[in-house]
Amino acid sequence: MKEKIDINTWIRKDHFKFFSAFEEPFFGVTVDVDCTATYQEAKENNVSFFLLYLHKSLAAANQIDAFSYRIIDGEVWKYDVVHAAATINRPNGTFGFGYMDYHEDFEEFKIEANKEIEKVQATTGLIPSASGENVIHYSALPWLNFTSMSHARKFSFADSCPKISFGKVRDENGKKIMPVSIHVNHALMDGYHVAQFVDAYQELLNRKEVNHYV
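Residues numbered from 1 in each chain as written. Predicted model: local features only at pLDDT ≥ 70, side-chain atom pairs only at ≥ 80, totals over all residues. Heavy atoms only, no water.

### A look at helix α5 (residues 191-206)
With 16 residues, α5 should reach 22 Å at 1.5 Å per residue; the first-to-last C-alpha distance of 22 Å fits that figure. All of the buried residues along α5 are His193, Val194, Phe197, Val198, Ala200, Tyr201, Gln202, Leu204 and Leu205. Looking at the packing, one finds that the buried side of α5 touches β2 (26-34), α2 (36-45), α3 (49-61), β8 (163-166) and β10 (175-185). (Helix = DSSP H or I, 4+ residues; strand = E, 2+ residues; numbered from the N terminus. Expected span 1.5 Å × (residues − 1). Buried < 20%, exposed > 50% of the residue type's maximum accessible area, 1.4 Å probe, protein only. Contact = heavy atoms within 4.5 Å.)

### Considerations on the side chain of Ser57
Mapped onto the elements, Ser57 comes out in helix α3. At 2.6 Å, the side chain of Ser57 and the backbone oxygen of Leu54 are in polar contact. When neighbours within four sequence positions are excluded, Ser57 is seen to be in contact with Tyr138, Phe166, Phe197 and Tyr201. (Polar contact = N/O pair within 3.5 Å; in protein donor to acceptor, adjacent residues only side chain to side chain.)

### Describing unusual backbone geometry
Residue Asp73 is not a glycine yet carries a positive backbone phi of 55 degrees. With respect to the helices and strands, Asp73 occurs in the loop between β3 (69-72) and β4 (75-79). Unlike most non-glycine residues, Asn173 shows phi in positive territory, near 55 degrees. With respect to the element layout, Asn173 can be found in the loop between β9 (170-172) and β10. Of the residues examined, Asn173 reaches a relative accessible area of 78% and is grouped as exposed.

### Things to note about the UniProt feature "active site" (unreviewed entry) in the protein
Within this structure's numbering, the places UniProt gives as "active site" (unreviewed entry) are His186. Within the secondary structure, His186 sits in the loop between β10 and α5. Accessibility expressed as a relative area gives 19% for His186, which makes it buried. Setting aside residues no more than four positions away along its own chain, His186 makes contact with Arg12, Phe19, Pro25, Phe26 and Phe27. (UniProt positions renumbered as here; feature names shortened; annotations may be inferred.)

### Here's the deal with the nonpolar core
In terms of nonpolar packing, the biggest core is built from 55 residues, with Phe67, Met100, Tyr138, Phe166, Ile182, Phe197 and Tyr201 touching the most fellow members. A per-element tally of this core places α3 first, with nine residues. Setting aside its immediate chain neighbours within four residues, Tyr201 contacts Val33, Tyr53, Lys56, Ser57, Ala60, Phe166, Met178 and Val180. (Core = buried A, V, L, I, M, F, W, Y, C linked by side-chain atoms within 4.5 Å.)

### Looking at the pattern of salt bridges
Under the counting rule described, the total for this entry stands at 15 salt bridges. Of the charged contacts in the structure, one is a salt bridge between Asp34 and Lys175, with a shortest N-O distance of 4.0 Å. With Asp34 in strand β2 and Lys175 in strand β10, the pair connects residues that are 141 residues apart, well separated along the chain. Here Glu112 ties to Lys115 by a salt bridge, and the two come within 3.6 Å at their closest N and O atoms. With Glu112 and Lys115 both in helix α4 (residues 106-121) and three residues apart, this pair spans about one turn of that helix. (Salt bridge = Lys/Arg side-chain N within 4 Å of Asp/Glu carboxyl O.)

Here it is as structure tokens:
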């Protein structure tokens, strides 16, 4: 479900009109997050670390209204829930696109996500995800400890989906640190909203909810 935002009464009316005119309205930041507790949680419960930190990022994004806004035919719509359109790495070094519905319950999310991963890894090609607008574009680069990132973009395509990328986990002062790149459309949000997401994500990463995930 989605609802239309009345741009004329929207608090971000001027910001939307200003940045919508840009050829490249996206801006991005790269931050480090402490994923020590989530890494340990995944190991203790024999679950995928990737799926666990992905689920927590979706949970954080769904807490922040700005991450639910999308531009469709020049109008702003707010979705009730956003899901994941993620790159799935294959053993041969290629990847395919997979679609994963967000469920608050990790066990439910994990079951469906694993089915999608198996499907993508058993095929070749990109498998473009017919996921619609209410997704976040995710990618994982577990081989790179990056400090910045850019994305391939087709400027003739009106894109407004946030893009979140995860990098290589490194050990630092006894903690597991992971770089996270966040690119968003400036017509829909500002650095303030990205900071809200980062804070919410870090809070969830700090939380070991063993009973919830087994």
